[in-house]
Amino acid sequence: MLKRYCFFIVLLLITGIVSAQNFNIIDYGAVADGKTINTTAIQAAIDRCAQVGGKVVVPAGVFVIGTLYIKSNVTIDLSDSAKLLGSGSFADYPDNDVQYKNFFTHFPNGSSRTNKALLFAEGMSNIMITGKGTIDGNGASKEFDLGDDAFSQRSKERPCTILFINCKKIAVTNIHLTDPAYWLENYIDCDGLLLKGLTIYNHSNSNVDGMDIDSRNVIIDNCNIDSDDDAICFKSNSRNNICENIVVSNCTIASNCNAIKFGTTSIGGFRNITISHCTIHRSAESPIFHWQKTLKFIDEPITAIAGIAIEMTDGGIVDSINISDIKMNDVQTPIFIVLANRGRKQVGDTAIAPVGAIKNIVLKNITATSHSKMTSSITAFPGYYVENVALDNIHLNDMGGGDSTDAKIILKENPTAYPENRMYGYVYPASGLYIRHAKNILLNDITLDLINPDLRPAVILEDVIGGKIKGLRTAATIGLPSIVEQINSKNIIEN
């Protein structure tokens, strides 16, 4: 049903964006010399196109721009060898007073963030950005060199490359996107979004996510993403909207952070999301993160933090997530699922944020090779549980290398920490899968292999109730059982 509905959305996208006339930006005074600021000229072409509907044509050449305001019924067509190059100066990115208020656009006290972007739209519909050309955010500019998470510095919030808010029927297809100053693509409260055939390469700055999706009725298909920060990242910035009805398929994903991530901001929640037939591998480079040097027990120089990270920390609900047919290599932690209690506030919040929930998760047909002692995990915190998670036909080839001291580690409860695989430390006491504070967990047809000998048990269940393990195959461990049940665990084990 979800896939059928999303294909209907694609049909609406294709038929709803009509190109009546062509508007060549050269005719409006744009200069392709890689130096001239062409913002005014190209904006004039967009504004004229919006009046009658049609296509803004960007011919071959390098066109430097500041913020462009994309309007309804406009197609931006980037010709082969065409490049829109973002200005390297903050002066060319005005602040945008956004009407829609959520955690990203406004501070909890109601004051506006700067909401800077290279391509910006709010409340628009029928937008297409397509072609064989490139949009380059010029993220390596010295003005944008503000270090990690400069988003918190209100006077110097770096621009996203694409920031679309409360828009309908958007298609971004086939183009090359690279080197943002901040998040590359950020879609907030949009309805009907197609991201298809994109080539993304982001290694110019900190916090350069590949795509951030806080929208509904979305298709992401056949994209190739290589990102220094999170690659495909689902966000939820408001309790008034759920990030939902999304299909991701046939993507090749590389990241030095998380390849596929739900969170970190998770105020409303995530629902009805299907991800399938994707490949995850190491990034081509890692200019900022040097995990092997800065963390412990990492046996490869370039790795992703997690292949699949499902994180609920801010009071929302994660419900009905299906992830299947995923092949991953070069990750520290293949699967990281955590219910925590950081409690971020949105605009107008006065009370403490509620505790969220994670339920009805299916992970199926997944193979992974990992390179750390931070093994796959499903965790909550005392008094709360991750519920109804099924792992089916999973093959994990873990690094191993744990000793007898590692096997005795007791992981601290840490519900208010930033959610990441190392929130519990650099070593987990299980060599394959650690599960704590969970109900109704199904492990079916699970194979846990080891690259190196390990003295830790393969699986640890702590405060796990109503679980079922069937068809577990593990590498030999020395002096320890494959499965260890601890503290209030009541499960069915059929091996």
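Refer to the structure above for everything that follows.
Here the structure is a predicted model, which means the values were calculated and not measured. (Residues numbered from 1 in each chain as written. Predicted model: local features only at pLDDT ≥ 70, side-chain atom pairs only at ≥ 80, totals over all residues. Heavy atoms only, no water.)

### Some thoughts on the overall build of the chain
Point 1. In terms of helices and strands, the chain carries 4 helices and 31 strands.
Point 2. At 23 Å, the chain has a C-alpha radius of gyration in line with the 23 Å of a compact globule built from 495 residues.
Point 3. With respect to the three principal axes, the spread of C-alpha positions in the chain is 75 × 40 × 40 Å.
Point 4. Scored against the burial criterion, the 495 residues of the chain give a buried share of 61%.
Point 5. Sequence separation of 24 or more characterises 77% of the internal contacts of the chain that already satisfy a separation of 6 or more.
Point 6. Roughly 17,700 Å² of accessible area belongs to the chain as shown, and the carbon and sulfur atoms make up 51% of that amount. (Helix = DSSP H or I, 4+ residues; strand = E, 2+ residues; numbered from the N terminus. Rg over C-alpha atoms; globule rule 2.2 N^0.38 Å. Buried < 20%, exposed > 50% of the residue type's maximum accessible area, 1.4 Å probe, protein only. Contact = heavy atoms within 4.5 Å. Areas by Shrake-Rupley, 256 points an atom, 1.4 Å probe, with all protein chains shown as cover.)

### Some details on the pairing of strand β15 (residues 199-202)
Point 1. Alternating residues of β15 divide into Ile200 and Asn202, all buried, and Thr199 and Tyr201, none buried.
Point 2. Sheet topology places strand β13 (residues 176-178) next to β15; 3 bridges connect them, and they run parallel. In the sheet register, histidine 176 faces β15, and the bridge partner there is threonine 199.
Point 3. Note: β15 against strand β17 (residues 224-227), 4 bridges, orientation parallel. Across the sheet, asparagine 202 pairs through a bridge with serine 227, a residue of β17. (Pairing = 2+ DSSP bridges.)

### Comments concerning the packing of aromatic side chains
Each aromatic ring pair is described using two quantities: the centre-to-centre distance and the angle formed by the ring planes.
Point 1. Counted by the stated rule, this structure contains 12 aromatic pairs.
Point 2. When the ring of tyrosine 428 is compared with that of tyrosine 434, the centres are 6.1 Å apart and the planes differ by 75 degrees; the resulting orientation is edge-to-face.
Point 3. The buried category is assigned to tyrosine 434, whose relative accessible area is 1%.
Point 4. The rings of Phe90, Tyr93 and Phe144 are connected pair by pair, giving a single aromatic cluster.
Point 5. Over the aromatic face of phenylalanine 103 sits the side chain of arginine 113, whose NZ or CZ is 5.3 Å from the ring centroid. (Phe/Tyr/Trp six-rings, centres within 6.5 Å; stacked < 30°, edge-to-face > 60°. Lys NZ or Arg CZ within 6 Å of the ring centre and 35° of its normal.)

Limitation: the analysis is restricted to geometry and does not speak to function.
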